[in-house]
Amino acid sequence: MKYMLLINTPPADNPAEVDNGCTFEDWIAFDKAVQEAGICVDSHQLADFTTATRVQVGADGRRAITTDGPFAETREILGGLYVIDVPDLDEALDWAARCPGSLGGGSVVVRPVAEVQG
Amino acid sequence: MEPAIAAVFREEHGRLLGALVRRFGDLDLAEEVASEAIEAALTHWPVDGVPAKPGAWLLTTARRRAVNRLKRDQTYAAKLAVLHVDAQRTEPGPSVDASLPDDRLQLFFTCAHPALAAEDRVALTLRCLAGMTTVEVARAFLVPVPTMAQRIVRAKKKIREARIPFRVPGPDELPSRLPGVLQVVYSIFTEGYAASSGPALQRIEVAAEAIRLARVLRGLLPAEREVAGLLALMLLIHARRDARTAPDGTPVLLADQSRAAWDRSMIEEGRTLVIAALTGGSPGVYGVQAAIAALHDEAASVETTDWPQIVALYDVLLTLSPSPVVSLNRAAAVAMRDGPEAGLVLLDALAEEPLLRAYHPYALARADLLERADRLSEAAEAYRKALTLAATDADRAHAERRLSGVSATLRNTPM
């Protein structure tokens, strides 16, 4: 069963909250553990949220392109993701809890990947 | 349905469902064939008599239905085959009836899984383990039937689609997962006990159901002291059920209850369990609360209650699970030990607690202590405050009665 771990971090313009006590080495160690467990389907770190662009297409077919943010208020922002393949939700939750992104005000949202019936 | 047959179904439902989920790995299929088996029993048993092993009869019938269903529906079967492999990873639970493995513990942990919404855990546990219908669960929680049906569908969908496993957590996980299961059972009990609304009798049945579930858990996890503690706590509170409401339905305070109406055998059972709960390790929150309840139940009157020991137990409870409500109860116990002024000092120190500021029991306790300290005009003021915070008619009526008592004394007292 595939699960996506959505790693949410507090916004970058609030550096005090981003410092959740985990280091670059913690992330390397977590990534190594996921890779060595043979469960990693895919993983990405996303570029800074200020580089994001939102696209919406209206009923008339016209594109609306906006820059989403930066946000002044505190709001969690998707900073990266893993797709892992594990037997059940309990194991997915264990991996989410091991992820440094779940520490110090950050959170990891676990979403099952929908199974398309063939 | 004949009462004897209904009792069998209630008793067997959780066990039947647990065994079916373990075998087929799918709660929906398990529920479907379980109810088909019960329907079949309703047709056959009144004619042929209840079989010697009703549980085994139901399980065999349900299994046969499930296998037939899977033969007919190959796509469904293919999907379940995957789940089935996972179900094989878990060992069967300890067997109570030698012919039937008991898989209810797995079901308890699935229904109370932390990934489910708290209200869904309670609904699912009542439905799967207590064998209550959606209509019965809805009635017990005073929620419209469609709302409750939606809750149950939502919970089952999450179990299926997010693949919440049917398994008993390992020894390393148990300490963090068991409190969730106990919390579900206790919240079923308090829902029945609170008598916030609804016919009293019906609420008592809900409380009794929580006790039955705790007995099942106690049988499945005999070494877990907090299970003993929870069962003890509920028995020791439930023992007072006949004395705690007046004939008109208004609550009767502990001090005014007729202690002769308390259920002695239930108290005895609870006391034995308290000893089990508090022996052989550090105490847990349910064990300590049960010990407090036992001290109340053992006392012949409020005056002769062992208040120093109750205060000491509240001190332990505060270290295990600090909360303003526990501090409030401790202050009330101190007032009984050392007098109302000592209690008032502690209560006033809690005045700024956000949880207590609009909490009716806090306002009422303060009014009560002021009255006992003979500070009557302050007491009247405090009862008026309590009156504005009362959530139920019964609470309002009680506060009004106390207020008019104080007001009458004030009028008759020369200034």
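Residues numbered from 1 in each chain as written. Chains lettered and ligands numbered in written order. Predicted model: local features only at pLDDT ≥ 70, side-chain atom pairs only at ≥ 80, totals over all residues. Heavy atoms only, no water.

Within an unreviewed UniProt entry, the label attached to chain B reads RNA polymerase ECF family sigma subunit, and the organism entered is Labedaea rhizosphaerae. Per its UniProt entry, chain B bears the Sequence similarities (unreviewed entry) comment "Belongs to the sigma-70 factor family. ECF subfamily." (UniProt positions renumbered as here; feature names shortened; annotations may be inferred.)

Under an unreviewed UniProt entry, chain A has the name YCII-related domain-containing protein and belongs to Labedaea rhizosphaerae. UniProt, in its Sequence similarities (unreviewed entry) section for chain A, records the words "Belongs to the YciI family."

### Thoughts on the overall build of chain B
Looking only at helices and strands, chain B has 20 helices and zero strands in total. Residue burial in chain B is summarised as follows: out of 415 residues, 49% are buried. Of the roughly 19,400 Å² of accessible surface on chain B, 57% is carried by carbon and sulfur atoms. (Helix = DSSP H or I, 4+ residues; strand = E, 2+ residues; numbered from the N terminus. Buried < 20%, exposed > 50% of the residue type's maximum accessible area, 1.4 Å probe, protein only. Areas by Shrake-Rupley, 256 points an atom, 1.4 Å probe, with all protein chains shown as cover.)

### Description of the pattern of salt bridges
Residue and element names in this part refer to chain B. All chains considered together, the criterion is met by 31 salt bridges over all chains. Here glutamate 269 and arginine 215 are joined by a salt bridge, their closest N and O atoms 2.4 Å apart. Taken as a pair, glutamate 269 in helix 12 (residues 264-277) and arginine 215 in helix 10 (residues 200-220) lie far apart in primary sequence, 54 residues in all. Look at glutamate 269 and you get partly exposed, because its relative accessible area is 30%. The class of arginine 215 is partly exposed, set by a relative accessible area of 35%. One network of salt bridges, in which partners are shared, links Asp28, Glu31, Arg127, Lys156 and Arg160. (Salt bridge = Lys/Arg side-chain N within 4 Å of Asp/Glu carboxyl O.)

### Things to note about the confidence of the model for chain B
Residue and element names in this part refer to chain B. For chain B, the average pLDDT comes to 87, and 90% of its residues sit at 70 or higher. Least confident of the elements in chain B is helix 4 (residues 74-87), whose mean pLDDT is 58; most confident is helix 13 (residues 285-298), at 98. Ignoring residues within four places in sequence, the model shows residues 82-99, a span with pLDDT below 50, making 32 contacts including any to other chains. (pLDDT = per-residue confidence, 0-100. Contact = heavy atoms within 4.5 Å.)

### A few points about the packing of helix 2 (residues 27-48) of chain B against helix 8 (residues 145-161) of chain B
All names here are of chain B. Where helix 2 contacts helix 8, the two axes come as close as 9 Å, and the packing angle between them is 125°. For the element pair helix 2 / helix 8, the angle class is oblique. Contacts between helix 2 and helix 8 pair Leu27, Asp28 and Glu31 from the former with Lys156, Ile159 and Arg160 from the latter. Of the residues that constitute the contact of helix 2 with helix 8, the class distribution is two nonpolar, no polar and four charged. (Axes fitted to C-alpha atoms, helices over the stretch in contact; angles between N-to-C directions. Parallel < 35°, antiparallel > 145°, perpendicular 65-115°, else oblique. Nonpolar A, V, L, I, M, F, W, Y, C, P; charged D, E, K, R; others polar.)

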